[in-house]
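# Geometric and topological summary
Listed here are the chains, written in short residue letters.
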Amino acid sequence: MKKLLASLLILLVASFALPALAEDSATITATGTATVTLAPDMATFTVGVSTQNTSVADAQSENAQTMQAVLARLKELGVTDEDLQTSDYSINPQYDYSSDTPVLAGYSVSNMVTITVRDLTQLSTLLDESIAAGANQTYGVTFASSHSDDAYDQALAAAAQNALRKAEVMAQSLWQETGKLLAISENQDSYYGLANSRLYSYDSASSTPIQSGTLSVTATVTAVVALQ
């Protein structure tokens, strides 16, 4: 009798588990992606001053004097303190390796500052004037947009619709119909990207030509949809 009851109990549990398993398996998972393109309206670039001297104090003094001239010129052109940020300051020994034993030859001091440009029409001028004031190191220009968040919201909505459309296409290919949306999530590989942007090399004979290109904002969404 006890064996019979145990068998009936197992069958009863299985009768509830099988439909649940079938229901859980009757889903389609689809990933949707969308990209919104927009024009940048701001940029950052980095310039630096590198000096060398046999005395570390003299190298620092020369560096500070030149960097002060660079910063003063940028401020004359309208760059505020909030848009100037020191990004690196380093002092490194310089060795002479011409003999078997390296000999300390002096010191190199480098001071880098990153400039935020909120008017792209000033970008070439600020870059050129930084170099004219004494900067002897330059690093890449990075473009951005103050409307990136709005563009990302648009891309996110379009990616969600794209995921649902893909789920419906897959369901129809299997002669099925999509039902309730069970889950939807934003993927971590969504990103803000730079497209079609180029920086030309510095030419002292004329203003540095720069093309801002366009920015691309991409969102990726994964949706889980039940099948009817």
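It should be noted that the structure appears before, not after, this text.
In short, a report on the structure. Computed from a prediction, not measured in an experiment: that's the story for all the values here.

Rules of the game
Residues numbered from 1 in each chain as written. Predicted model: local features only at pLDDT ≥ 70, side-chain atom pairs only at ≥ 80, totals over all residues. Heavy atoms only, no water. Salt bridge = Lys/Arg side-chain N within 4 Å of Asp/Glu carboxyl O. Helix = DSSP H or I, 4+ residues; strand = E, 2+ residues; numbered from the N terminus. Buried < 20%, exposed > 50% of the residue type's maximum accessible area, 1.4 Å probe, protein only. Expected span 1.5 Å × (residues − 1). Pairing = 2+ DSSP bridges. Axes fitted to C-alpha atoms, helices over the stretch in contact; angles between N-to-C directions. Contact = heavy atoms within 4.5 Å.

### With respect to the pattern of salt bridges
This structure, assessed with the given rule, holds 4 salt bridges. Measuring nitrogen to oxygen at the nearest pair gives 3.0 Å for the salt bridge that ties E129 to R73. Taken together, the residues E129 in helix α3 (residues 123-132) and R73 in helix α2 (residues 56-76) connect sequence positions 56 residues apart. Residue class for R73 comes out partly exposed when judged on its relative accessible area of 27%. One salt-bridge network, held together by shared partners, links R73, E76 and E129.

### Brief notes about helix α4 (residues 148-173)
Spanning 26 residues, α4 covers 37 Å between terminal C-alpha atoms, matching the ideal 38 Å at 1.5 Å per step. All of the buried residues along α4 are S148, A151, Y152, A155, A159, A160, N162, A163, A167 and A171. Of the residues trailing α4, W175 is marked for its positive phi of about 55 degrees.

### Section: α3
Residues spaced three or four apart along an α-helix face the same direction, because each turn holds 3.6 residues. Those residues of α3 that fall on the buried side of the exposure criterion are L123, S124, L126, L127, D128 and S130. At the exit of α3 stands G134, carrying a positive phi of roughly 135 degrees.

### What about the sheet that holds strand β2 (residues 42-53)?
Strand order in the open sheet formed by 4 strands is β3-β4-β2-β5, and the pairing between neighbours is antiparallel. Edge positions in the sheet fall to β3 (84-96) and β5 (137-144), since each has one partner strand and no second. Averaged over all pairs of adjacent strands, the angle between strand axes in this sheet comes to 15 degrees, irrespective of strand direction. By the bridge criterion, 11 bridges tie β2 to strand β4 (residues 103-117) in an arrangement that is antiparallel. Across the sheet, residue F45 finds its bridge partner in β4, namely I115. Across the sheet, α2 touches β2, β3 and β4, and the angle it forms with β2 is around 150 degrees. Across the sheet, α3 is in contact with β2, β4 and β5; its angle to β2 comes to roughly 5 degrees.

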